Amino acid sequence: MEWYTLIKPIGILTYILLSLNVLLGLFMKKIKLKSKFKIHIWLGVIALISATFHFLLVYIYT
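Quick look at the structure, then. (Residues numbered from 1 in each chain as written. Predicted model: local features only at pLDDT ≥ 70, side-chain atom pairs only at ≥ 80, totals over all residues. Heavy atoms only, no water.)

## A look at a nonpolar patch on the surface
On the surface, a nonpolar cluster with roughly 920 Å² of combined accessible area is contributed by Trp3, Tyr4, Phe53, Phe55, Leu56, Tyr59, Ile60 and Tyr61. Within the element layout of this structure, Phe53 appears in helix α2 (residues 36-61). (Patch = residues over 30% accessible without salt bridge, like charges linked within 9 Å, V, L, I, M, F, W, Y side chains within 5 Å. Areas by Shrake-Rupley, 256 points an atom, 1.4 Å probe, with all protein chains shown as cover. Salt bridge = Lys/Arg side-chain N within 4 Å of Asp/Glu carboxyl O. Helix = DSSP H or I, 4+ residues; strand = E, 2+ residues; numbered from the N terminus.)

## What about the environment of Asn21?
Its location among the elements puts Asn21 in helix α1 (residues 7-26). Asn21 gets classed as buried once you look at its relative accessible area, which sits at 12%. The spacing of Asn21 and Ile31 is 10 residues in sequence and 13 Å in space, taken between C-alpha atoms. Apart from the residues within four sequence positions on either side, Asn21 is in contact with His40, Leu43 and Gly44. (Buried < 20%, exposed > 50% of the residue type's maximum accessible area, 1.4 Å probe, protein only. Contact = heavy atoms within 4.5 Å.)

## Describing the packing of α1 against α2
At a closest axis distance of 8 Å, the pairing of α1 and α2 adopts a crossing angle of 155°. On the basis of the axis angle, α1 is roughly antiparallel to α2. For the pair α1 and α2, the crossing hand works out as left-handed. Classifying every residue of the contact of α1 with α2 by side-chain character gives 16 nonpolar, eight polar and one charged. (Axes fitted to C-alpha atoms, helices over the stretch in contact; angles between N-to-C directions. Parallel < 35°, antiparallel > 145°, perpendicular 65-115°, else oblique. Left-handed = near helix turned anticlockwise from the far one by under 90°. Nonpolar A, V, L, I, M, F, W, Y, C, P; charged D, E, K, R; others polar.)

Read these as layout, nothing more, since geometry by itself doesn't imply function.
Okay, structure coming up:
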């Protein structure tokens, strides 16, 4: 498998993670989870890593 085939799926994954992070942040008071802020932080970190990897793949292969 070539690395450039992962550009689209990682871009889609990044948008999904960012959307989940925004929704979790907006509905922070309505969601009944103990560790919702911890989940919010980790989703942000994973989205940032995913976006960086996506950027690097696009930069290398275009």
